[in-house]
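One-letter residues, chain by chain:
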Amino acid sequence: MLEINEEGIEWLEHNAKSLVEEVAKKSPQGIPDGKIEIIVRQMIPLWKCDHESEISDNDVQRVVSFFETKYKVTMHDGTMFEDKSRADKKWYFNSISERGSVHWDGYQEYLSEDAGLPDRVIKKIEFASNQIMDVLGDPLSGSPFQRKGLVIGSVQSGKTSNYIALMNKAADAGYRVVIVLTGMIEKLRKQTQTRIDEGFVGADSREITVNSKNTNHTNRIGVGLKHPDMSLAFSVTSTTQDFKPNVNVRINGLAKGNVVVFTVKKNTSVLRRLHKWLQDKNTSNGGMIDEPLLLIDDEADNASINTKDPEEKDPTAINQCIRNLLKLFTKYSYVGFTATPFANIFIDPHFDDPETNDLFPKDFIYLLDQPSNYIGPSEVYQPTGKNHYFVRYNDDMEAILPLKHKKETSFSVLPESLKRAIMLFLLANAVRDLRGQKHKHRSMLIHVSRFIDVQKQVQEVVSDYVRRLQTEVKLYGLNSQENGLIAKMHKLFTEEYKNSQITVDHCKFDATVIPEAWEDVKAVLFEAIAPIQVYTVNSSSASQRLNYDDNPQGLRIIAVGGLSLARGLTLEGLTTSYFYRNTKMYDTLMQMGRWFGYRDGYADLCRLWTSRESADWYRHISVATEELRREIRKMSRQNRKPIDFGLRVRSAEDTPLIVTARNKMKATDTIRMTRQLNGQTIETPVISSDFQTVDANMRIVVEWLKEIEQYRAQDVGTLALPKKPTFLAVPKKMIMNVVERLNFPQISELSEDSSVVKEIDASNNPLLQTWDVVVATKKISDDNSRQFGSLTIQPHERSFTVYGSDSNIRLSGNSSRLGTREYGKGGLSEKTAMKIEESIKLNAGLNALGKKNVINENSYFGTGITRRPLLVIYPIKLKKSKNQNEQVDEIAESFDKASLLDIGISLGVPDIEGMQTLKYTYVTNAVFNRALIEGTDDQSAWAEPDDEDENELEESDN
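Residues numbered from 1 in each chain as written. Predicted model: local features only at pLDDT ≥ 70, side-chain atom pairs only at ≥ 80, totals over all residues. Heavy atoms only, no water.

Peer 1: Break down the overall build of the protein chain for me, citing the residues and quoting the values.
Peer 2: Secondary structure summary: the protein chain contains 27 helices and 30 strands in total. The proportion of buried residues among the 958 residues of the protein chain is 60%. Contacts spanning at least 24 positions in sequence make up 79% of the contacts within the protein chain whose residues lie at least 6 apart. For the protein chain, the exposed area adds up to about 38,600 Å²; of that, 47% sits on carbon and sulfur atoms. (Helix = DSSP H or I, 4+ residues; strand = E, 2+ residues; numbered from the N terminus. Buried < 20%, exposed > 50% of the residue type's maximum accessible area, 1.4 Å probe, protein only. Contact = heavy atoms within 4.5 Å. Areas by Shrake-Rupley, 256 points an atom, 1.4 Å probe, with all protein chains shown as cover.)

Structure, rendered in structure tokens:
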């Protein structure tokens, strides 16, 4: 059995630390590969001089891994995007020496010594908070101020650490009141309060007597232990209760240098109580509070947004509550923090005036970068991602618990995919014990239903299965002859952890081979899995609490839940995730991704089971998110204002989808959208499966291509896409002739009566007068080529899903889009394409690994370099399903039998410097919006009432 020399590991870490730190200081670009291991191995002869025990290669690797986590992680600076036209000047850096940094110094020590963050990451947190402080209002200024900004991070990337850093720096600078708005869930508020107690307050809020003015607490924790003589912040809320109006303290009565902090839910009752208390107890004769306020809005896209039409008199309740809090203070800085900023950007900036006082981030947007050890959507879902090996499919759940089910649905049987996921979680526990991580928390997530009753049934069935596994391992785990479950687990261990590539449900995934041997895992398996418990985590009173602090030996849980697991609540040591939900809303999907984050020391053990459709959506959203981040970097370099960014992002391809994610979709709801055409591609990923419609579209395109034959490019050798049929400088009139006749589903922006088509048709803008046209085709081969009118092509093949009730299908694939990157170069000469690509790379930014972010088709239209607009025609051969979906296969077979190709198109309009901006407006109604989210306009299939996603928000405000 593999023995762990705990004493030797501790000795090596202690004695090699100073040498590793010295090398790290001399290597600003990162410690060279292999250098840490050389240093550690140099220590071994010294160990042998005084000790008899051996230090194995596995022990050495554990020490090397420890140092690499702390010193080899890299991270780039964030990006500040601000309104530089403001009259006030920078102030923060010049104030530090005079006002001191005692709060920040304590937090910096806490991050290093208690939280164990890598030194480079702490430096970047400091850099980001310095940059943000400099665009907030100066709390000691003699003039009133109102600042509003947004900080964009990534899901599970450490936003809390960043805003607690900002709170500490604000306290040093002179801010006297800090209000932190958490999500809408009490569990999340308590979790956030705990983090604030440790990182800002410096005392255990459970023991603070709210009726006392004494802020020199003796029950110090976290930062409070770093400087025992430091005056601590005063927390009015605690881990046991949200705000109550029995606080016997006046803010302006606190001693100089003291700060009062409130950590409250976004609950209308709580926020109104807080407002009334502040107004009644703390305002001066003018009815306002003169003390400077920093308001941190965590999960700022959740509930804070006014989802009503800005022209309506009354905003949504929580949005109004936040506005009312801000109006009480003569000086305030509002900073929203979110990983899913789409909704915040869609606040209408034109309605953010002193009268309406909405929350558009008019002063700045700050884009946080992620450390190199962060695992995010691109790393997991893109086929080239370093953690793509996480992904497995669980579509077999559909036969047992359909994606769309009611709260009365019964659940009594586990699908094979969930059994496999649970067994692998058990194996991962044993491996982590072998790695010396015995006292580390580890979790498994099961998220398959939004209904509390169904979640409870799932928890009971999973509990029974886990108990059966524990019993069998106890009875037979150490037998030399392996049968039944033990043989099955051995096979699973080999398939998942000892092969560099595995095949799951007809799909191949690369995997990471782990060093641990089966015999060692088998020997510790029962001890590792015996403590595992199965919890439900939701809004019901019977839900169990994730009490990590009460389990210093390490909590081992399988958490079954819904929304509580989807918004901000952290599952420590999350190793295995099983996710089967059907939402297609950007922010909801991303927030449900609890599997993103940091998995140092066990990333090779992590796995994620999800449906193919969800995986497609995540891939798509990861691309859209990177585009948004790239746009921030580019507009920051151009010295544009946040208001410009708000208008520009409204023009993103999936705007309706993003907006509806923040809208309650009442029967009378409509959304009026203004979009910018410049720098965008608009395509038709949702197309028809109706035989007659597809046949007509194909005939229209074939005939039209004959009509524009005179524009066919002859000297194709100079083109960036020489093997794609290309037509150059086609008059707009002829482009409109085909686009207006093609029939696409109503859900498409290029459908009949399309606003964008009407705008292009009516416009006299010289940019739109001549177009290039490309017909999409794969490389021609004799076996698969076919005639498409006068052209010889080999059509692209696309998998698809049936979408809604009107014979629509949604094309899917690696990008969940119709087009691919290469077609952005359509119509360009090779020379111009290279020039554009250089500009794209300049603005692309770096990913967590320090490499340039991947560019896509849309990128080719936003550089400002002159080019013509582009129409790409996609003749598509529909593929049969991999999992024998009868409805999909029937459509694909009928089209193939008739030699029928479905037709999709994309329009790309360049953003050329000095050229007039093109905009168009359209209105969507509730049925259209629901079709985007639910995939159908059949109202009987829409969301069930009384589910956890709604009930969670009704939770007690105590």
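Further notes follow.
Peer 1: Break down the sheet that holds strand S11 (residues 442–447) for me, with residues and values.
Peer 2: Pairing is parallel across the open sheet formed by six strands, whose spatial order is S10-S18-S16-S11-S15-S14. Because the sheet does not close on itself, it has two edges, and the strands there are strand S10 (391–393) and strand S14 (533–537). The average angle at which neighbouring strand axes cross in this sheet is 20°, direction not considered. Two strands pair when backbone bridges link them, and strand S16 (residues 574–579) and strand S18 (residues 607–610) are joined in this way by three bridges, in the parallel orientation. Its bridge partner lying in S18, Ser577 is registered against Leu608. The strands that helix H13 (residues 416–434) touches are S10, S11, strand S15 (556–561), S16 and S18; relative to S11, the one it contacts most, it runs at about 170°. (Pairing = 2+ DSSP bridges. Axes fitted to C-alpha atoms, helices over the stretch in contact; angles between N-to-C directions.)

Peer 1: Tell me about the packing of H13 against helix H15 (residues 484–497), and name the residues and values.
Peer 2: At a minimum axis distance of 10 Å, the contact between H13 and H15 shows a crossing angle of 80°. Of the possible angle classes, the one that applies to H13 and H15 is roughly perpendicular. Contacts between H13 and H15 involve Glu416, Arg420, Met423, Leu424, Leu426, Leu427, Ala428 and Val431 on the former and, on the latter, Leu485, Lys488, Met489, Leu492, Phe493, Glu495, Glu496 and Tyr497. Partitioned by chemical class, the residues of the contact of H13 with H15 number 11 nonpolar, no polar and five charged. (Parallel < 35°, antiparallel > 145°, perpendicular 65-115°, else oblique. Nonpolar A, V, L, I, M, F, W, Y, C, P; charged D, E, K, R; others polar.)

Peer 1: Residues and numbers for helix H9 (residues 268–282), please.
Peer 2: Taking 1.5 Å of rise per residue, 15 residues should cover 21 Å, and H9 covers 20 Å from first to last C-alpha, within 8% of that figure. With a side-chain oxygen positioned 2.9 Å from the backbone nitrogen of Ser269, the residue opening H9 is Asn267. (Expected span 1.5 Å × (residues − 1). Polar contact = N/O pair within 3.5 Å; in protein donor to acceptor, adjacent residues only side chain to side chain.)

Peer 1: Let's hear about the sheet that holds strand S2 (residues 145–152): which residues, and what values?
Peer 2: As summarised here, the arrangement of the eight strands in space is S1-S8-S2-S7-S6-S3-S5-S4, forming an open sheet in which the pairing is mixed. Single-partner strands in this sheet number two, and they are strand S1 (79–82) and strand S4 (234–235). In terms of strand pairing, strand S6 (residues 293–298) meets strand S7 (residues 331–338) through six bridges, oriented parallel. Each bridged residue has a counterpart across the sheet, and for Leu293 the counterpart in S7 is Tyr332. The sheet strands contacting helix H7 (residues 159–173) are strand S3 (177–181), strand S5 (260–264), S6 and S7, and the helix crosses S6 at an angle near 175°.

Peer 1: Go over the pairing of strand S23 (residues 770–775) with me, naming the residues and quoting the values.
Peer 2: Consecutive side chains of a regular strand alternate in pointing toward one face of the sheet and then the other. With five of six residues buried, S23 is to be regarded as a mostly interior element. Bridge count for strand S22 (residues 726–731) against S23 is four bridges, and the pairing is antiparallel. The residue of S23 that forms the bridge with Pro731 is Thr770. Pairing between S23 and strand S28 (residues 870–878): four bridges, direction parallel. Considered in S28, the bridge of Asp772 is made with Leu870.

Peer 1: Please give an account of the pattern of salt bridges that cites residues and values.
Peer 2: Inspection of every chain in the model, using the stated rule, returns 41 salt bridges. Residue Glu291 is joined to Arg176 by a salt bridge in which the shortest nitrogen-to-oxygen separation is 3.2 Å. Linking Glu291 in the loop between H9 and S6 with Arg176 in the loop between H7 and S3, this pair joins segments that are 115 residues apart in sequence. Pair check on accessibility: Glu291 and Arg176 agree, each one buried. When the shortest N-O distance is used, the salt bridge between Glu482 and Lys522 registers 3.1 Å. Linking Glu482 in the loop between helix H14 (452–476) and H15 with Lys522 in helix H16 (residues 518–529), this pair joins segments that are 40 residues apart in sequence. Here the salt bridges share partners, and the residues they tie into one network are Arg392, Arg420, Lys491, Glu495, Glu496 and Arg607. (Salt bridge = Lys/Arg side-chain N within 4 Å of Asp/Glu carboxyl O.)

Peer 1: Could you give an account of the environment of Asn252, with specific residues and numbers?
Peer 2: In this fold, Asn252 is placed in the loop between S4 and S5. For Asn252, a relative accessible area of 41% translates into the label partly exposed. Linking Asn252 and Asp290, residues 38 residues apart in sequence, is a C-alpha distance of 8.3 Å. If near-sequence neighbours (up to four positions away) are discounted, Asn252 is found in contact with Arg176, Asn282 and Glu291.

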